[in-house]
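Listed below, chain by chain, are the residues.
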Amino acid sequence: MKKKVLLIALLVALILAPVTAASYRGSENDGAIGVGLNLGTNTGVGLKFGFGDFDVLANIGLDNFRFNPFSLGGDVAVSYEVYDFDFGRGHHMPLTVGVGASMGFVFDDPFVFDLAVLVPVGISYQIPDFPMQFYLRLAPGLAVLPELDFAFAGYIGALWMF
């Protein structure tokens, strides 16, 4: 019963966070969309939807480099800029903290579904006057399915910003 209540609370938080954060103050990344390569616990496609200091991040790909049995992983997170390391002349590296969920699908007999709540902490760098952004994120958390346990995710990647 506790797992169901925790899962419902997590889903409600993930639905309400973007709605309540949409009025957060904007920046030069307001309305930006990024698509690129994500390497890490989910190696595949990385996505970013910018709303100023508030971003929605998503990744989908091969889960933990598992081919046998084949495993897919995906995650989604809401991320806020908490500090900006400004180096001048357009060079800066925002430090972000957020909350999100990570899912894993193991296609084996029996089929396994993993779910974890993560707290991603990251840093990114966008080349001035060029639409390429690089990032590094580390995300400790709590696995809620199939059982309560420690969870961790890590990512490094590059996005082409539109």
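What you are looking at is a predicted structure, and each value in this text was computed from that prediction instead of being measured.

Asks: Could you give an account of the packing of aromatic side chains, naming the residues involved and the relevant values?
Replies: For any two aromatic rings, the description comes down to two numbers: the centre-to-centre distance and the angle of the planes. For the coordinates displayed, the defined rule picks out 8 aromatic pairs. Centre to centre, the rings of Phe70 and Phe107 are 6.1 Å apart; their planes meet at 25 degrees, and the pair counts as stacked. Taken together, the residues Phe70 in strand β4 (residues 70–88) and Phe107 in the loop between β5 (91–106) and β6 (112–118) connect sequence positions 37 residues apart. The rings of Phe70, Phe105, Phe107, Phe111 and Phe113 are connected pair by pair, giving a single aromatic cluster. The ring of Tyr135 has Arg137 sitting right over it, with the charged end atom 4.1 Å from the ring centre.

Asks: Could you give an account of the pattern of salt bridges, with specific residues and numbers?
Replies: Applying the stated rule across the entire model yields 1 salt bridge. Among the ionic pairs, Asp55 bridges to Lys48, the shortest N-O distance being 3.6 Å. Taken individually, Asp55 and Lys48 each receive the classification buried, so the pair is uniform in this respect.

The rules behind each value
Here the residue index of a chain counts from 1 through its sequence in written order. The predicted nature of this model means local features are confined to residues of pLDDT at least 70 and side-chain atom pairs, given and counted, to a pLDDT of 80 or more, with totals for whole chains, interfaces and linings taken over all residues. To get the side-chain values, all heavy atoms of the structure are used, and hydrogens and water are removed first. Side-chain rings of Phe, Tyr and Trp (the six-membered ring for Trp) are treated as a pair once their centres are within 6.5 Å; stacked means planes under 30 degrees apart, edge-to-face means over 60, and tilted covers the remaining angles. In this text, helices come from DSSP runs of H or I with a minimum length of four residues, and strands from runs of E with a minimum of two, each type numbered from the N-terminal end. Working rule: Lys NZ or Arg CZ, within 6 Å of ring centre, within 35 degrees of ring normal, means a charge sits over the ring. By convention in these notes, a salt bridge is any Lys or Arg side-chain nitrogen within 4 Å of a carboxyl oxygen on Asp or Glu. Relative accessibility under 20% of the residue-type maximum defines a buried residue, over 50% an exposed one, and the middle range a partly exposed one, all with a 1.4 Å probe and only protein chains included.

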